[in-house]
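Coordinate inspection notes
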Amino acid sequence: MHDHSNRPEGGGVSRRSLLIATAVAGTAAALAPALPAAAEARTGTGAAGEGEAARAFAEPGSAVRPKFRWWWPDGLVDPDEIRREVDQIADAGFGGAEIAAVHHSVKDASVLDTEHHGWGSPAWVAGVQAALDQARRRGVTIDLTIGPSWPAAVPGITPDSEAAVQELALGAVTVAAGADYSGPVPPPAAAAASGVTRQRLLGLLATRVAPENATRKETGLDRASARDLTARVADGAVDWTAPADGDWVLTAFWQRGTGQTPEGGPHTSPTAYVVDHFSAAGTAAVTDFWERSLLTQEIRKLLESAGGVLFEDSLEIETKALPWTPGLPAAFEKRNGYPLLPVLPVVAMSGGNQVYAYDAVATRQIRHDFWDTVSDLYNTHHLTALRDWAHALGLGMRAQPYGLQTDAIESAALLDIPEGESLGFKNLDDYRCLAGGRDMAGHTVLSCEAGAYTGSAYSTTWEKFLRTMGGAYAAGVNQTVVHGFSYATLPGVKWPGFAAFTPYNGTVGYGESWGPRHPTWRHVGDVSGYLSRVHHAMQRGTSRIDVAVFRQTGYTATGIGASWFTSTGVPLGWTHQFVSGPLLDLPSAKVRDGRLAPDGPAYRALFVEGDFFSGSAVTLTLADARHLLRLTRAGLPVVLLGDWTTVTTPGVADDSALQQLRSLVAELLAQPRVRQVTEKTAVGQALADLGLAPDVSYAVPSTLLTMHRFEEGVDWFYLVNGKHAETVKPPVAAIDHAVTVRRTRSDAVPHLLDPWTGEARPLALYAQDGDLCTFRVALQPSESMVVAFAPPGRFHGEPGRTHAVTTDADDVRFDDGRLVLRARAAGTYTTALSRGGSVGTVVEEVPAPRELTSWTLDAEDWRPGADPDRTTVVRHRIALDALAPWNAIPDLTDAAGIGRYRATVELGGPWSGGLGALLDLGEVTDTFRVSVNGRPAPVTSHINPVADLGGLLRPGTNTIEVEVATPLINRLRVSDPSVYGGAASQRTGLVGPVRLIPYGQAVVGRD
């Protein structure tokens, strides 16, 4: 045995005016600073030049390569180790990392030593400097998280500070009809958090109980009866007699800090507290701390060459009261035209729930107005301010703009890079919300925090990761931030080293902590190459989407979809994204040739339905109604689902505004390019009546998902056999059917681009009719492919090349400029050609498939080494008469590591240059590589593990080797049973059945 180390040696601003100001070029001081050119290049917004398409796809630049979320135990890091880890990430084919201070697995302050090694300490700054410097040397980038863990927080403020996150706590007491109340103002129902020493009474109201307005969980109140008693409060007490017309409720509203600290602390000394995300003061606390304590001259300079973006995690404000900021009352009244205090009872929360309600319509409208105001403040004072500050540093701004009831679609339009997450997002429509904001604002990248799985630490497979991401790319994601890469070690941790999220509360935590500690790291370059090529294809040019779905309330991370499109349209090929009202104010919201945002997503129709977040109420603002009328008059088809003759405003409005709205909607419904349907089953027919069809279509409903992007002269299509959500049942089945796509240029040549190998070859089997092109798609569940339609010569291949239109062979492809067919059985095959006519092609004898059952397995059994970040390898050689998972092989029952399987195959008889073979590996966990006679086979899909051995086989004896790397969980179950002992034993290794499937190959038309 031997050791090897895991280490290689203000006031309310209109959201519409805000979005316009940040999107229109040349409007002087209203504009945010533009994203610096260097930072723009580093966010992957460039395009491949003419003649470079094939090379750029095969070897994508670092800007489009996946990144890691890089977890540090605050500043308890060694700069030399930091440099090693940057090298590990770069060597594995990743484009950089995002530094995040996260150590949920370790909370012992004596180990973390936050006084000397906390986040933002000189030790942390030294680590950041080392990371940036090494990233500069390696040509990758480093992103910086806005604070320790999440939400945004800094030391130097207290829970009572103006800049700290705040809440509005509710106190209440019921007073009987005609009774006197003399006593203290009702105190908050919940005590203040630790460290909160001050609270201020915002106001005191008396409101009559109205049982007719009650809901199942809320006490009904009469809005018209509300009386402001604030001025009657003296020395914390109030005297008041209730009228005799019913019971009354005194509601007191207390403004105070929440005392929230960032997740998983301690992180700093003194303690960092979460900042107010809705005020200028809160954001200034962040930027002032960075300017004063973190941004040394050396780091500022390194950011210019190796800095990527400033990142902020999701908006997780922890309070069971109402999220608050001191500027809310003034901003609310300025924005909505009526005061906030008299309506606070139906907005306030206690124990995480709303307690009171007025009549249903008024309650819905008031709550809408409140959260729209909060959204404005968040977007104005937090996201936009941080983005502008990041730009001044030469960085972009990436954030997860969701977590509260704010307009995440609008927020996505404000950010350089919006981000979603595979753990928190319930389905693909959650991504489509952010994608709509990104595309309408003219940005390129939608990022995803990818691969966090509950209780899956050290059992996560890259195959599972790829299956998770397959559908996300079809929903608009085109950057992956992998969750994650942990710093190597920390005092007191166990093998295989420090991990940010495991143990988690004493048990198996979130997966995964990738890196050299994993056996699969040996093959991770194959995975990063695949991801990079998908990103490259999906960052070209701009999206092309069939339909914009108008969402009155722009939330995401809700799992709420788009009625007919999500359930019925997508299986027919339709693609959609979501837009909210503020996006219709953007300069891109124009119509040309019947398309909305013609230079961006180029939506072919706008679909409007009731507001799912308000009981499917049919609502529109006056401004949005005017926009819809303007857009359809310019030629945009619009489909409305529901009874729009009863439309109301989403917020509080007077009778005059309601009449104006209904008059506008009546005019809208009379337009020739507008259809109203009352049942969602009629949406498809309404689209057909308008002459619309999807850009990608199938003859029968399919689980195929697609994303279309267009750059000058080239249509890029990503196709995946996926599903709307991972929880959807039944499981997705394999598909094999024709697909018809609409290409931008009728002379464009289709190319099949393999994201695993980087090969780009002309498609040899397709039919075309004008701008329509039909080809076959055969994909296993979660398997993907990329097809690009480009002018002749853009990738390679001569113009006018004859291709196959139909064939009864298994496949047709180009080989050295010749049209070649493949078949798994001997026979004469007929192929129709694009030049006209059909030809017969003879395939001589093809050997029968055979199963490979006898193998020699050389296994590296990875075990804990002398230090937590060192691994000992025990080697086993095992003769196998039949393949089995490692946990069923006696010597490997608890083993994890790398196995090299060898089998010999005798090929005789008819074997010649006209034959090849596929190697179907069957079940294999996790990563693998195949070689034949010492020569590597092309990188093979980890979703559909079938390797094309092509010309690697020869007559006589052939040695086939399959190298497989496993997760670590089976070893950890016995090496650290207190944490991992309850985890299920995992089936790993090469399980098969492994089948060699010969095929014959012949040139089409050659006798």
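Being a predicted model, the structure only gives us computed values, none of them experimental.

Further remarks concern the overall build of the protein chain. Check the secondary structure of the protein chain and you find 21 helices and 56 strands. For a compact globule of 1007 residues, the expected C-alpha radius of gyration is about 30 Å, and the protein chain comes in at 31 Å, within 12% of that figure. Each principal axis of the C-alpha atoms in the protein chain carries an extent, and together these give about 105 × 75 × 50 Å. Put simply, the protein chain shows about 35,400 Å² of open surface, and 50% of that area lies on carbon and sulfur atoms.

Turning our attention to helix 17 (residues 622-633). Taking 1.5 Å of rise per residue, the 12 residues of helix 17 would be expected to cover 16 Å, and the 17 Å separating its terminal C-alpha atoms lies within 8% of that figure. All of the buried residues along helix 17 are L622, D624, A625, H627, L628, L629, L631 and T632. With its phi angle positive at about 115°, G635 sits one or two positions after the end of helix 17.

For the rest of this paragraph, the subject is the environment of F332. Along the chain, F332 falls in helix 10 (residues 328-336). Residue classification places F332 among the buried positions, given a relative accessible area of 0%. C-alpha of F332 to C-alpha of P66: the two residues are 266 residues apart in sequence and 41 Å apart in space. Once residues within four sequence positions are removed from consideration, F332 is found in contact with G337, Y338, P339, L340, D369, F370 and T373.

Turning to the pattern of salt bridges, a few remarks are in order. Summed over all chains, the structure comprises 47 salt bridges. For the salt bridge of R902 with D858, the shortest nitrogen-to-oxygen distance reads 2.8 Å. Residue R902 is located in strand 48 (residues 897-907), and its partner D858 is located in strand 46 (residues 855-864); the two are separated by 44 residues in the primary sequence. Taking the shortest distance from any N to any O, the salt bridge between D861 and R971 comes out at 3.0 Å. You can see D861 sitting in strand 46 and its partner R971 sitting in helix 20 (residues 969-975), a full 110 residues away along the chain.

Across the sheet, which stays open at both edges, the four strands sit in the order 31-34-38-37 with antiparallel pairing between neighbours. Looking along the sheet, the strands with just one partner apiece sit at the ends: strand 31 (696-698) and strand 37 (766-769). Each neighbouring strand pair of the sheet contributes to a mean axis angle of 30°, computed without reference to strand direction. Pairing analysis gives three bridges linking strand 31 to strand 34 (residues 735-742), with the strands arranged antiparallel. Across the sheet, the residue bridging to S697 is T740, located in strand 34.

With that settled, the discussion passes to the sheet that holds strand 33 (residues 714-721). Strand-to-strand pairing in sheets goes through backbone hydrogen bonds, with the strands running parallel or antiparallel. Strand order in the open sheet made by the six strands is 23-32-33-39-35-36, with antiparallel pairing throughout. Two strands lie at the open edges of the sheet, namely strand 23 (542-543) and strand 36 (760-762), each paired on one side alone. Two strands pair when backbone bridges link them, and strand 35 (residues 749-753) and strand 36 are joined in this way by three bridges, in the antiparallel orientation. From the neighbouring strand, L752 faces strand 36, where its bridge partner is R761.

Averaged over all residues, the pLDDT of the protein chain is 93; the fraction at 70 or higher stands at 94%. Across residues 7-17, confidence stays below pLDDT 50; counting only partners more than four residues off in sequence or on other chains, it has 35 contacts. Low confidence marks residues 20-33, where pLDDT is under 50. Its contacts with residues over four positions away, or in another chain, come to 20 contacts.

This part is about the pairing of strand 20 (residues 417-421). With five of five residues buried, strand 20 is to be regarded as a mostly interior element. In this sheet, strand 20 lies alongside strand 19 (residues 396-399) in parallel orientation, the contact comprising two bridges. Residue pairing in the sheet places A399 in a bridge with P418 of strand 20. Traced from strand 19 through helix 12 (residues 408-414) to strand 20, the parallel crossover comes out right-handed. Where strand 20 lies against strand 21 (residues 447-450), three bridges are found, and the strand directions are parallel. Opposite G420, over in strand 21, you have C448 as the bridge partner.

Following the sequence through the fold, P868 ends up in the loop between strand 46 and strand 47 (870-880). Sequence spacing of P868 and V102 is 766 residues, and the spatial spacing of their C-alpha atoms is 19 Å.

Turning our eyes to something else, we now look at the packing of aromatic side chains. Taken as a whole and judged by the stated rule, the model has 35 aromatic pairs. Between W119 and F289 the ring centres are 5.7 Å apart and the planes differ by 20°, which places this aromatic pair in the stacked class. A residue pair is termed long-range when its members are at least 10 positions apart, and W119 in the loop between helix 6 (114-117) and helix 7 (122-138) and F289 in helix 8 (residues 280-294) qualify at 170 residues. F289 matches W119 in its accessibility class, with the two residues each being buried. With 4.5 Å between their ring centres and 25° between their planes, Y530 and W756 make a pair best called stacked. With Y530 in helix 15 (residues 524-538) and W756 in the loop between strand 35 and strand 36, this pair connects stretches of sequence that are 226 residues apart. Taken as a pair, Y530 and W756 share a single burial class, namely buried. One aromatic cluster in this structure is built from W71, W150, F501, Y504 and Y510. Here the basic side chain of R223 rests over the ring of Y338, its NZ or CZ set 5.9 Å away from the ring centre. Positioned over the ring face of Y453 is K464, at 4.2 Å from the centre of the ring.

Our focus in this paragraph is the packing of helix 14 (residues 462-474) against helix 15. Put simply, helix 14 and helix 15 touch, their axes get as near as 12 Å, and they point 0° apart. Comparing their axes, helix 15 and helix 14 come out roughly parallel. Here helix 14 contributes W462, F465, L466 and Y473 to the contact with helix 15, which in turn contributes V524, V527, Y530, L531, V534 and H535. Looking at the contact of helix 14 with helix 15 residue by residue, the classes come out as nine nonpolar, one polar and no charged.

Structurally, D276 can be placed in the loop between strand 13 (273-274) and helix 8. In this structure the side chain of D276 is engaged in a polar contact, spanning 2.6 Å, whose partner is the side chain of T325. Leave out the neighbours within four places in its chain, and D276 touches E162, A163, A164, V165, G282, T283, W324, T325 and P326.

As for its placement among the helices and strands, R822 is situated in strand 42 (residues 818-823). Among the residues examined, R822 registers a relative accessible area of 12% and is labelled buried. Ignoring sequence-local partners within four residues, the contact set of R822 consists of A809, D810, D811, R813, D948, Y999, G1000 and Q1001.

A rise of 1.5 Å per residue sets the reference length of helix 8, with its 15 residues, at 21 Å; its end C-alpha atoms lie 20 Å apart and thus fit the reference within 8%. All buried positions along helix 8 are accounted for by G282, T283, A285, V286, T287, F289, W290 and L294. Lining the buried residues of helix 8 we find helix 7, strand 4 (141-145), strand 5 (153-154), helix 9 (297-306) and helix 11 (360-392).

Here we take up the pairing of strand 44 (residues 838-843). Alternating residues of strand 44 divide into V839, T841 and V843, all buried, and S838, G840 and V842, none buried. In the sheet, strand 43 (residues 827-833) pairs with strand 44 via six bridges, with the strands oriented antiparallel. Its bridge partner lying in strand 44, T831 is registered against V839. In this structure, the hairpin formed by strand 43 and strand 44 is closed by a connection of four residues, where G836 is found at a positive phi of approximately 105°.

For the rest of this paragraph, the subject is the environment of R818. Of note, R818 is situated in strand 42. Separated by 17 residues in the primary sequence, R818 and R801 place their C-alpha atoms 9.5 Å from one another.

Moving on: the packing of helix 7 against helix 9. For the pair helix 7 and helix 9, the least separation of the axes is 9 Å and the interaxial angle reads 35°. Where helix 7 crosses over helix 9, the handedness of that crossing is left-handed. On helix 9, the residues that touch V125, V128, Q129, L132, D133, A135 and R136 of helix 7 are E298, I299, L302, L303, S305 and A306.

In most cases, non-glycine residues show a negative phi, while peptide bonds are predominantly trans. P266 follows G265 through a cis peptide bond whose omega is 5°. For the peptide bond that leads from H483 to G484, omega is 0°, which places it in the cis range. Along the polypeptide, G484 turns up in strand 22 (residues 479-486). Positive phi, close to 55°, is recorded for N505, a residue that is not glycine. Of note in the backbone geometry, A602 takes a positive phi value of approximately 50° without being a glycine. With respect to the helices and strands, A602 occurs in the loop between strand 27 (595-596) and strand 28 (605-608). With relative accessibility at 1%, the residue A602 sits in the buried group.

About the criteria used
- Residues numbered from 1 in each chain as written.
- Predicted model: local features only at pLDDT ≥ 70, side-chain atom pairs only at ≥ 80, totals over all residues.
- Heavy atoms only, no water.
- Helix = DSSP H or I, 4+ residues; strand = E, 2+ residues; numbered from the N terminus.
- Rg over C-alpha atoms; globule rule 2.2 N^0.38 Å.
- Areas by Shrake-Rupley, 256 points an atom, 1.4 Å probe, with all protein chains shown as cover.
- Expected span 1.5 Å × (residues − 1).
- Buried < 20%, exposed > 50% of the residue type's maximum accessible area, 1.4 Å probe, protein only.
- Contact = heavy atoms within 4.5 Å.
- Salt bridge = Lys/Arg side-chain N within 4 Å of Asp/Glu carboxyl O.
- Pairing = 2+ DSSP bridges.
- Axes fitted to C-alpha atoms, helices over the stretch in contact; angles between N-to-C directions.
- pLDDT = per-residue confidence, 0-100.
- Right-handed = clockwise from strand over helix to strand, strands pointing away.
- Phe/Tyr/Trp six-rings, centres within 6.5 Å; stacked < 30°, edge-to-face > 60°.
- Lys NZ or Arg CZ within 6 Å of the ring centre and 35° of its normal.
- Parallel < 35°, antiparallel > 145°, perpendicular 65-115°, else oblique.
- Nonpolar A, V, L, I, M, F, W, Y, C, P; charged D, E, K, R; others polar.
- Polar contact = N/O pair within 3.5 Å; in protein donor to acceptor, adjacent residues only side chain to side chain.
- Left-handed = near helix turned anticlockwise from the far one by under 90°.

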